[in-house]
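Spelled out, the chains give:
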Amino acid sequence: MSEQRISAAVVAADNEKRAKALKEDYEALGVKLARSGLSIDAVTDQVARFFVAVPSWGVGTGGTRFARFPGAGEPRNIFDKLDDCAVIQQLTRATATVSLHIPWDKVDDPRRLKVHGDALGLGFDAMNSNTFSDAPGQEKSYKYGSLSHADAATRQQAIEHNIECIEIGQAIGSKALTVWIGDGSNFPGQSNFTKSFERYLDAMKAIYKRLPEDWRIFSEHKMYEPAFYSTVVQDWGTNYMIATELGEKAYCLVDLGHHAPNVNIEMIVARLIQFRKLGGFHFNDSKYGDDDLDTGSIDPHRLFLVFNELVDAEHRGVEGFHPAHMIDQSHNVTDPIESLIRSANEIRRAYAQALLVDRKALEGYQDGNDVLMASETLKAAYRTDVEPILAQARLKAGGAIDPIAAYRVSGYRAAVAKERPAVTGGSGGIV
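As a convention, each chain's residues are numbered from 1 in the sequence order in which they are written. The predicted origin of the model limits local features to residues at a pLDDT of at least 70 and limits the giving and counting of side-chain atom pairs to 80 or more, whereas totals for whole chains, interfaces and linings rest on all residues. Note that water and hydrogens are dropped before the side-chain values are worked out from all heavy atoms of the structure.

Kindly report on the sheet that holds strand S11 (residues 278-283), identifying the contributing residues and their values.
Spatially, the 7 strands line up as an open sheet ordered S3-S5-S6-S8-S10-S11-S12, and their pairing is parallel. Looking along the sheet, the strands with just one partner apiece sit at the ends: strand S3 (101-102) and strand S12 (324-327). Whether two strands pair depends on DSSP finding at least two bridges between them. Helical segments are the DSSP runs of H or I of at least four residues, strand segments are the runs of E of at least two, and each set is numbered from the N terminus. Bridge analysis of S3 against strand S5 (residues 127-129) gives 2 bridges, and the strand direction is parallel. In the strand pairing of S5, Ile 102 is matched with Ser 129. Contacts are assigned to residue pairs with any non-hydrogen atoms lying within 4.5 Å of each other. Here an axis means a line fitted to C-alpha atoms, over the contact stretch when the element is a helix, while the angle between two N-to-C directions is reported on a 0 to 180 degree scale. Where helix H6 (residues 193-208) meets the sheet, its contacts fall on strand S6 (176-179), strand S8 (216-220) and strand S10 (250-255), and the angle it forms with S8 comes to roughly 155 degrees. Those strands touched by helix H8 (residues 265-274) are S10 and S11, and its axis lies near 155 degrees from that of S11.

Here is the structure:
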């Protein structure tokens, strides 16, 4: 039995208040779906098997380049972070794994992380390396780049850091490494586009050689920031070239916030699926670009359209299709635990809605060039209120019918605020 950071009695009491309404709503939705030949219980079981990893850094308060305003009960270390992640999993039953960031989460003995995670019922998702900022005591600076740096010694330092992340991951049961770099330039002429990319590829090949046989490596593209003139890994085309160049264990990671406004992200997803190079997602949302807002808070319809492509791939039985899913957000003005709870639920919502799409009818409309009815088939699924399915999936797995309400009733934030010293200061920079 896993340790629980919130009393089971608190969750049970809150569930009892909501159980009757959920039963009525679930039955009503079941009748509606049955008219379309869908079993609500089958859909609920599928949703209950869908999990998304939470980022260790996400349970801390984020910030902008201008300021950071710490919240009450900020986690002091990775063990506090895991405790907070366990609360999210306890209430949502959708976030069974945590993704670590090194060196932020580095400890002397990684086995301690494994023991603490096991006690909380948490596993570990992909490891994340950090060569976009300098760590205390670091010999070479990444101010002018890391894996693409003009200096060979700086590149080697970045390579060794990524290899260390793999070694830590092996000790805790991770099976993947995510590599995002901030390398780029801020002025025309600052760097040679071709040479910097060649250096990056050579460095990534050195890291790739050290991957265990059953591991994958995910390269992540980002249009801009911290480099504002050019970025070494700037778009999905470059990302695809990287994955193809490295080998069969290399895949592309799609961060939903790292795109220019109006980019057709769902089509990018379809292309990467088609050519067997979709590695996974960092879920968040954006209004302008790389805003890292709560998933589904700006454009839930786009999130649904992304999941429509994922479910389509499941439906077609695409060989080797098993993308990794993780939330990657910066919580600047909300309780991070509440934002992560909501985001996990929004991700499952989009998945549930995509499961309701009549695939046979959609294919017929597409082949028959019936534009309106093809669009209407997607809209019919998107307009369906699947909240009873999400709540029932949580309840059956031992979670909360209304996880944010149960979290607030529990008083968890106030309790940890008493245990964890208050963080002061308004320094700039994301966590």
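So, next bit.
Tell me what's going on with unusual backbone geometry, and back it up with residues and numbers.
Cis geometry marks the peptide bond from Ile 102 to Pro 103; its omega dihedral reads 15 degrees. The topology assignment puts Pro 103 in the loop between S3 and helix H4 (110-120). Cis geometry is found at the peptide bond from Glu 225 to Pro 226, where omega equals 10 degrees. Locating Pro 226 in the fold gives a position in the loop between S8 and strand S9 (230-231). Non-glycine residue Arg 93 carries a positive phi angle of around 55 degrees. As for its placement among the helices and strands, Arg 93 is situated in the loop between helix H3 (78-92) and strand S2 (97-99). Positive phi values are uncommon outside glycine, yet Asp 290 reaches one of about 55 degrees. Along the chain, Asp 290 falls in the loop between S11 and helix H9 (300-316). To sort residues, take the accessible area from a 1.4 Å probe on protein chains only and compare it with the maximum for the residue type: under 20% means buried, over 50% means exposed, and anything in between is partly exposed. On the basis of relative accessible area, Asp 290 is assigned to the buried category, the value being 10%.

Quick rundown of the sheet that holds strand S1 (residues 54-55)? Include the residues and the values.
Read across the sheet, 3 strands follow the order S1-S2-S4 without closing on themselves; strand pairing throughout is parallel. Across the chains shown, the open sheet's two edge strands, defined by having one partner strand only, are S1 and strand S4 (123-124). Alignment of S1 against S2, held across 2 bridges, turns out to be parallel. Paired with Val 54 across the bridge in S2 is Val 98.

I'd like to hear about the nonpolar core, residue by residue, with values.
Leu 147, Tyr 200 and Phe 307 are the most contacted members of the largest nonpolar core, which has 104 residues in total. The nonpolar core is taken to be a set of buried Ala, Val, Leu, Ile, Met, Phe, Trp, Tyr and Cys residues, with the residues joined through side-chain atoms within 4.5 Å. One finds Ala 126, Phe 218, Leu 253 and Ala 324 within the second-largest nonpolar core, a separate group that totals 6 residues.

Summarise the environment of Lys 249; cite the residues concerned and give the values.
Within the element layout of this structure, Lys 249 appears in the loop between helix H7 (236-246) and S10. C-alpha separation for the pair Lys 249 and Glu 213, spaced 36 residues apart in sequence, amounts to 8.5 Å.

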